Each structure stands twice: as C-alpha cells, then as structure tokens.
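Okay, here's what each chain looks like letter by letter:
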Amino acid sequence: MTILAMDTSAKAASVCLASEEKIIGEFFINTSLTHSQTLVPMIEQLCEKSEVSMESIDAVAINAGPGSFTGVRIGVAAAKGIAFQHNIPCVSVSTLESMAYNMLGSDCVVCALMDARCSQVYNAMFRVTEERVERLCDDRAISLTDLKLDLRNYTEKVVFVGDGARIAFKSLENPPENVFLAPIDRISQNAVSVACAAFKQIKKGNTLTPAELMPVYLRLPQAQRELNKKMGVTE
C-alpha cells in the first residue's frame, strides 16, 4: 500500500509518499509562502521525482487538526480533492498525535504542543516506547498555566514537540529537570509522522470517504470568538 501524507497545520508544509516498508520521498518547506502556493506543486514534484503516479496511490492522509484554521482548511480541501478524483479513501490524523511519532525509538512522554495564541496551546500527551505510541489524554486547548500544573503528574522524561514547543518551554521559566525540547530535526509536525500515524489508523479500518473528511477544530476562530463576545454568546 502506498499513501500520500500531508501536513499544513502550521507555518511549515510537508508532503510524503510512503509504503509500510519505507518512506519513498518527502518534501518539507518552512517559508513565508502560503500553503495555497506550495502544496500542489510540492505534491506534483514529489510524485514526479519519486516516479509514483497518482493512480498508484491507495489512500491520502492529512493532519486534519487542530492547527491554523486556514492551513487545516487548505490541507483538508486538497486531500478531499485528490481522494475524489482518484476514488481512494482518506485518513484523518490528529495533528497532535502525529507529533508523537516524531519521537519513535525513544522512551519518553511526548507533550505535543501547538500555539493557540491568547496564552493557550493545543495539547495532548503521549507515551512513546520504541515503536509504540500510547495516547494519555484527549486533544485539548489548555492555558500555559494549566499545562505547567499538569506537567507535575509526570516524573519520567517529557519531550516538548510541535510549533508551540518553544513558547511553552519558555513559559515554564524554570523548567523541571525531566522536561526537554525535542531536537531541531524532530520538533516540527511533518508528513512522515502523518504517514506513520495513518498506517496505524488504516490497520484499524479507520478510513473515511472524501465527503466524510472534515477539519477538526478544538475552538472557534478568533474572529468568531470576538463576535460571540460582543453578542454575549458563550462558546
């Protein structure tokens, strides 16, 4: 089985082609260009350089959220379009869960973090042991203050991963001795980790039709929250 995996959940964008045995190819870019400018050309060049036709792809996987509202929408729309065109299933991957796969081969608790602004992060905790990823809590939006309190529940090595990792680590001021930042080559969400998480979902039979694939948001967009506040509407 060959899958096309994508991540557009934050500033960086990446795509990869993978089978269960190997990563066939990967493109990763972290620039000021928007995903609408980079995603489709990246997919086309990846398939060309890897000599893999779109017709030979068996499924498309995407980090469906949480993340940047615009970025997630672009990625999900692209995945739906590819899946519709080639009549293949989709795999919806939690952005936070995919980050835990960055640390495969380690023995630690992964604290997956994305900047949600307003002194909040999107977060979930995972225990990683060699080739296994175990979810410890649901995806959530949590304040940096509450995250600091929650970290007291973990005595083993904790590794911060994701585009919100540095912000959260800095907010600790005096980080506990068991809390670390992931190395630079493992800190960002990426399509290879999406592929790893997607194969696990496929084995469980967790695939979707293109029509069923939807963005996953943990809270309303900032503009909608401000409007609700003015109107006295609670979320």
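Quick note: structure is the one above.
Asks: Kindly report on helix H1 (residues 35-50), identifying the contributing residues and their values.
Replies: Between its first and last C-alpha, H1 extends 21 Å over 16 residues, near the 22 Å set by a 1.5 Å rise per residue. Every buried residue belonging to H1 is among His 35, Thr 38, Leu 39, Met 42, Ile 43, Leu 46, Cys 47 and Ser 50, and all of these are buried. Within H1, the buried residues cover an arc of 150° as seen down the axis, which keeps them to one side. Facing away from the buried surface of H1 by more than 90 degrees, the exposed residues are Ser 36, Glu 44, Glu 48 and Lys 49. The inward-facing, buried residues of H1 abut strand E1 (2-7), strand E2 (13-19), strand E3 (23-29) and helix H2 (69-86). Just past H1, the residue Glu 51 takes up positive phi, approximately 60°.

Asks: I'd love a proper account of the sheet that holds E3, names of residues and values included.
Replies: Read from one edge of the open sheet, 5 strands run E3-E2-E1-E4-E5, paired in mixed fashion. Bordering the open sheet on either side are E3 and strand E5 (90-94), each of which pairs with just one other strand. Going across the sheet, the axis of each strand differs from the next one's by a mean of 20°, ignoring polarity. Note: strand E4 (residues 59-65) against E5, 5 bridges, orientation parallel. Directly across from Ala 61, in E5, lies its bridge partner Val 91. Most of the contacts of H2 go to E4, to which it runs at about 160°, and overall it touches E1, E4 and E5. Here helix H6 (residues 191-203) sits on the sheet in contact with E1, E2, E3, E4 and E5, set at roughly 130° to E1.

Asks: So what about the packing of aromatic side chains? Which residues, and what values?
Replies: Inspection of every chain in the model, using the stated rule, returns 2 aromatic pairs. Taken together, a centroid distance of 4.7 Å and an interplanar angle of 50° make the contact between Phe 69 and Tyr 217 tilted. Of this pair, Phe 69 sits in helix H2 while Tyr 217 sits in the loop between H6 and helix H7 (222-231); the two residues are 148 residues apart in sequence, bridging distant segments of the chain. Here Phe 69 falls in the buried class, since its relative accessible area comes to 17%. Geometrically, the ring pair formed by Phe 160 and Phe 169 is edge-to-face, given 6.1 Å between the ring centres and 90° between the ring planes. The exposure class of Phe 160 is buried, given its relative accessible area of 0%. For Phe 169, a relative accessible area of 23% gives the class partly exposed. The ring of Phe 180 carries the charged tip of Lys 157 above its face, separated from the ring centre by 5.5 Å.

Definitions and limits used
- Residues numbered from 1 in each chain as written.
- Predicted model: local features only at pLDDT ≥ 70, side-chain atom pairs only at ≥ 80, totals over all residues.
- Heavy atoms only, no water.
- Helix = DSSP H or I, 4+ residues; strand = E, 2+ residues; numbered from the N terminus.
- Expected span 1.5 Å × (residues − 1).
- Buried < 20%, exposed > 50% of the residue type's maximum accessible area, 1.4 Å probe, protein only.
- Arc of directions from axis to C-beta.
- Contact = heavy atoms within 4.5 Å.
- Pairing = 2+ DSSP bridges.
- Axes fitted to C-alpha atoms, helices over the stretch in contact; angles between N-to-C directions.
- Phe/Tyr/Trp six-rings, centres within 6.5 Å; stacked < 30°, edge-to-face > 60°.
- Lys NZ or Arg CZ within 6 Å of the ring centre and 35° of its normal.

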